[in-house]
Amino acid sequence: MNEAKNKNLFIRVSEKEKNLIEHNAKKCGLSVSEYIRQRALGCMPRAILPEVFFSFNDKLDELCVAVEGKITAETEEKMIALIDSITEELILPKRERQAV
């Protein structure tokens, strides 16, 4: 269950910093509060990818299915690894190392 978010933090930033934070939050499809919360808690929100990326990813998946059994197992493994690394790098959220 999500904990109620009823506490406030106030920070001072320059106009330039405020604009940059708002710009980055918008690129990620997040409110400024959620963007700052995620960054402060060690997450690295991802920018929203254009729809063409997902179309491209779907076509790569279709290609893997189409060539199944028609290429060497090594080549197939490389294709799958490439798709997995693209997904991990561009889609899945990342966490920063926590400061000790």
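Residues numbered from 1 in each chain as written. Predicted model: local features only at pLDDT ≥ 70, side-chain atom pairs only at ≥ 80, totals over all residues. Heavy atoms only, no water.

Draft legend 1. Here's a closer look at a negative patch on the surface. A surface patch of negative charge is lined by E51, D58, D61 and E62. Here D58 lies in helix 3 (residues 51-67). Residue D58 is classed as partly exposed on the basis of its relative accessible area, which comes to 43%. (Patch = residues over 30% accessible without salt bridge, like charges linked within 9 Å, V, L, I, M, F, W, Y side chains within 5 Å. Areas by Shrake-Rupley, 256 points an atom, 1.4 Å probe, with all protein chains shown as cover. Salt bridge = Lys/Arg side-chain N within 4 Å of Asp/Glu carboxyl O. Lys, Arg positive; Asp, Glu negative; His and termini not counted. Charge placed at Lys NZ, Arg CZ, Asp CG, Glu CD. Helix = DSSP H or I, 4+ residues; strand = E, 2+ residues; numbered from the N terminus. Buried < 20%, exposed > 50% of the residue type's maximum accessible area, 1.4 Å probe, protein only.)

Draft legend 2. Examining a nonpolar patch on the surface more closely. Together, I11, V13, V32 and I36 line one region of the surface with nonpolar side chains, adding up to about 300 Å² of accessible area. Positionally, I36 belongs in helix 2 (residues 32-40).

Draft legend 3. Inspection of the layout of surface pockets at higher detail. Size it by volume and the largest pocket reaches roughly 620 Å³. As for the largest pocket, its lining consists of 19 residues, of which K7, L9, S33, I36 and R37 are closest to the centre. For the lining of the largest pocket, the secondary-structure elements that each account for two or more residues are helix 1 (15-27) and helix 2. A per-element tally of the lining of the largest pocket places helix 2 first, with five residues. Its residues assigned to classes, the lining of the largest pocket shows 10 nonpolar, three polar and six charged. (1 Å grid on protein atoms, 1.4 Å probe; cavity = no way out; pocket = protein on both sides within 12 Å on 5 of 7 lines; lining within 4 Å. Points joined across faces, edges and corners; volume = space filled by probe spheres on them. Nonpolar A, V, L, I, M, F, W, Y, C, P; charged D, E, K, R; others polar.)

Draft legend 4. Representation of the packing of helix 3 against helix 4 (residues 73-90). Running from amino to carboxyl end, helix 3 crosses helix 4 at an angle of 160°, the nearest separation of the two axes being 10 Å. Overall, the two elements helix 3 and helix 4 adopt an arrangement that is roughly antiparallel. Of the two possible hands of crossing, helix 3 and helix 4 adopt the one that is left-handed. Packed against helix 3, whose contacting residues are F53, N57, L60, D61, L63, C64 and V67, the element helix 4 presents M79, I80, I83, I86, T87 and L90 at the interface. Tallied by class, residues from the contact of helix 3 with helix 4 come to 10 nonpolar, two polar and one charged. (Axes fitted to C-alpha atoms, helices over the stretch in contact; angles between N-to-C directions. Parallel < 35°, antiparallel > 145°, perpendicular 65-115°, else oblique. Left-handed = near helix turned anticlockwise from the far one by under 90°. Contact = heavy atoms within 4.5 Å.)

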